[in-house]
Amino acid sequence: MKKITFALVAATVLGGLAVGGAATAAPMGPNGMQGGNAGMTQVRMMKGDRMMMRKRMMHKRMMKRQMMKKRMMNRGM
């Protein structure tokens, strides 16, 4: 009895993988490709863009530190 149950479970799992592919939460398109914005392509980030992002993050961190420092000073510590 256990062999039959195991065989049945294995057959359904393998059949599901063969028909549907990998299980994903993303909606599938009509031709089997995952849905998304078709007009958008992924491109590499240029060096200037990367540096600009890094600079912005550093500025953000610096401002946050200053704000925390002022907050500590106002508390009397």
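Residues numbered from 1 in each chain as written. Predicted model: local features only at pLDDT ≥ 70, side-chain atom pairs only at ≥ 80, totals over all residues. Heavy atoms only, no water.

1. Some remarks on the overall build of the protein chain
Phase 1 of the analysis: Summing up its helical and strand segments, the protein chain has 2 helices and 0 strands in all.
Phase 2 of the analysis: Of all 77 residues assigned to the protein chain, the portion counted as buried reaches 0%.
Phase 3 of the analysis: Split by element, the accessible area of the protein chain, about 8,100 Å² in all, is 66% carbon and sulfur. (Helix = DSSP H or I, 4+ residues; strand = E, 2+ residues; numbered from the N terminus. Buried < 20%, exposed > 50% of the residue type's maximum accessible area, 1.4 Å probe, protein only. Areas by Shrake-Rupley, 256 points an atom, 1.4 Å probe, with all protein chains shown as cover.)

2. Observations concerning a positive patch on the surface
Phase 1 of the analysis: Taken together, the side chains of Arg 44, Lys 47, Arg 50 and Arg 54 define a basic patch exposed on the protein surface.
Phase 2 of the analysis: By secondary structure assignment, the location of Arg 44 is in the loop between α1 (2-20) and α2 (47-75). (Patch = residues over 30% accessible without salt bridge, like charges linked within 9 Å, V, L, I, M, F, W, Y side chains within 5 Å. Salt bridge = Lys/Arg side-chain N within 4 Å of Asp/Glu carboxyl O. Lys, Arg positive; Asp, Glu negative; His and termini not counted. Charge placed at Lys NZ, Arg CZ, Asp CG, Glu CD.)

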